[in-house]
Amino acid sequence: ELARLAHGCRVEHFALHELPRAAMREGGIAQIAQMTDALREALHKSGTRLREAAIALPAGLVIRKTLTVPDGLSDEELELQVEEDAAQSLSIQLSELNLDYGVVGPSVSVPDSVDVMLVATRKETIAERQELIESVGIKPVVVDIESQAMIAALQTLNNLNDERDSSCTQAILQIGRDSSYIYIEKKQILLFEHELNIGFHKLH
């Protein structure tokens, strides 16, 4: 939990709680009771009183595609176009997915068009995490992707620190227990993402 200061921000509350190795399997929650206990314990150790939170999905559970659509569409037309393109390009039925999208900017390859980032994940993936969060008294108000959430956090820090150039290309290394990720971003656009088969338990 962060608090904004006049020149930067401060960590107000923080907790770390190690999970049993079998608690997660291929990104899904395999041991819901153990996960619930771990989350409840982490919240208790942190001391936070907040009851709303953002959650983020790992990249492996999210489908991302860049779509190119005509420029100048209304919000309703854009939504219909994205759903139509998603139905044609995704191998999973739309009824099984949660979809979201955002306009990236003008297309560099197709004149009079814009690139749109489509994001999709299975409804059950969000539902199981929502159930977990709500079981410990927390209301999830945002569902994001880990890489995008990290980039947004980095941009927030850049905005709080006037000495940083937010337009420069930046690399982020996220070190996990069993694997790590490297991200490269520029102007809040994810340019590159790659999983590394190394975690902090191998660095001891």
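Residues numbered from 1 in each chain as written. Predicted model: local features only at pLDDT ≥ 70, side-chain atom pairs only at ≥ 80, totals over all residues. Heavy atoms only, no water.

Undergrad: Could you clarify how one ought to interpret the pairing of strand 8 (residues 113-122) in this entry?
TA: Every regular strand shows the same layout, with side chains that alternate between the two sheet faces. Of all 10 residues making up strand 8, eight are buried, and the element is well covered by its neighbours. Pairing analysis gives nine bridges linking strand 7 (residues 97-106) to strand 8, with the strands arranged antiparallel. Directly across from Tyr101, in strand 8, lies its bridge partner Leu118. (Buried < 20%, exposed > 50% of the residue type's maximum accessible area, 1.4 Å probe, protein only. Helix = DSSP H or I, 4+ residues; strand = E, 2+ residues; numbered from the N terminus. Pairing = 2+ DSSP bridges.)

Undergrad: Sorry if this is basic, but what is going on with the packing of aromatic side chains here?
TA: Remark: the centre distance and the inter-plane angle together describe each pair of aromatic rings, the angle taken between the planes. Evaluated as defined, the whole model comprises one aromatic pair. Summarising the aromatic geometry, the rings of Tyr181 and Tyr183 are spaced 6.0 Å apart at their centres and angled 5 degrees between planes, so their arrangement reads as stacked. Its relative accessible area of 2% is what places Tyr183 among the buried residues. (Phe/Tyr/Trp six-rings, centres within 6.5 Å; stacked < 30°, edge-to-face > 60°.)

Undergrad: Quick question: what am I supposed to make of the sheet that holds strand 11 (residues 180-186) here?
TA: Note on sheets: strands pair through backbone hydrogen bonds, and any given pair is parallel or antiparallel. With respect to topology, three strands assemble into an open sheet ordered 10-11-12, the strand pairing being antiparallel. Taken across any chain shown, the strands that pair with only one partner, and hence form the sheet edges, are strand 10 (170-175) and strand 12 (189-196). Averaged over all neighbouring strand pairs, the angle between strand axes comes to 15 degrees, with direction disregarded. As judged from the six bridges shared by strand 10 and strand 11, these two strands associate in the antiparallel manner. Bridge assignment links Gln170 to a residue of strand 11, and that residue is Glu185. (Axes fitted to C-alpha atoms, helices over the stretch in contact; angles between N-to-C directions.)

Undergrad: In this structure, what is going on with the nonpolar core? I would like to understand it.
TA: Nonpolar side chains tend toward joint burial in soluble globular proteins. Listed in full, the 12 residues of the largest apolar core are Leu67, Val69, Leu78, Val82, Ala86, Leu90, Ile92, Leu97, Val114, Val116, Leu118 and Ala120. Residue assignment for this core shows that the elements contributing at least two residues are strand 6 (63-70), helix 2 (75-89) and strand 8. Among the elements that line this core, the one with the most residues is strand 8, at four residues. In contact with Leu67, not counting residues within four places along its chain, are Val82, Asp85, Val114, Asp115, Val116 and Leu118. (Core = buried A, V, L, I, M, F, W, Y, C linked by side-chain atoms within 4.5 Å. Contact = heavy atoms within 4.5 Å.)

Undergrad: Please clarify how the confidence of the model for the protein should be interpreted in this entry.
TA: Close inspection of predicted coordinates is inappropriate for parts of the model with low pLDDT. Scored by pLDDT, the protein has a mean of 86; 95% of the residues are at 70 or more. Mean pLDDT in the protein bottoms out at helix 4 (residues 146-160), which sits at 78, and peaks at helix 3 (residues 123-135), which reaches 93. (pLDDT = per-residue confidence, 0-100.)

Undergrad: How should the sheet that holds strand 7 be read in this particular structure?
TA: Across the sheet, which stays open at both edges, the three strands sit in the order 6-8-7 with antiparallel pairing between neighbours. Only two strands of the sheet have a single neighbouring strand rather than two, namely strand 6 and strand 7. Each strand of the sheet is rotated relative to its neighbour by a mean of 25 degrees, with strand direction disregarded.

Undergrad: So what exactly am I meant to see when it comes to the side chain of Asp115 here?
TA: Within the secondary structure layout, Asp115 lies in strand 8. Nearest to the buried, unbridged Asp115 among oppositely charged side chains is Lys65, at 12 Å. A polar side-chain atom of Asp115 sits 3.0 Å from a polar atom in the side chain of Thr68. Setting aside anything within four residues of it in sequence, one finds Asp115 in contact with Thr66, Leu67, Thr68, Gly102, Val103, Val104, Gly105, Pro106, Ser107 and Val108. (Lys, Arg positive; Asp, Glu negative; His and termini not counted. Salt bridge = Lys/Arg side-chain N within 4 Å of Asp/Glu carboxyl O. Polar contact = N/O pair within 3.5 Å; in protein donor to acceptor, adjacent residues only side chain to side chain.)

Undergrad: Even after reading the chapter, I still don't get helix 2, so can you show me in this structure?
TA: At 3.6 residues per turn, the α-helix brings residues three or four places apart onto the same side. In a regular helix each residue adds 1.5 Å, so 15 residues correspond to 21 Å; helix 2 covers 21 Å between its end C-alpha atoms and thus fits that length. Within the sequence span of helix 2, burial applies to Leu78, Val82, Asp85 and Ala86. One side of helix 2 carries all its buried residues, which in axial view fall inside an arc of 100 degrees. For helix 2, exposure combined with an orientation more than 90 degrees from the buried face picks out Glu76, Leu80 and Gln88. In this structure, the buried side of helix 2 is in contact with strand 6, strand 7 and strand 8. (Expected span 1.5 Å × (residues − 1). Arc of directions from axis to C-beta.)

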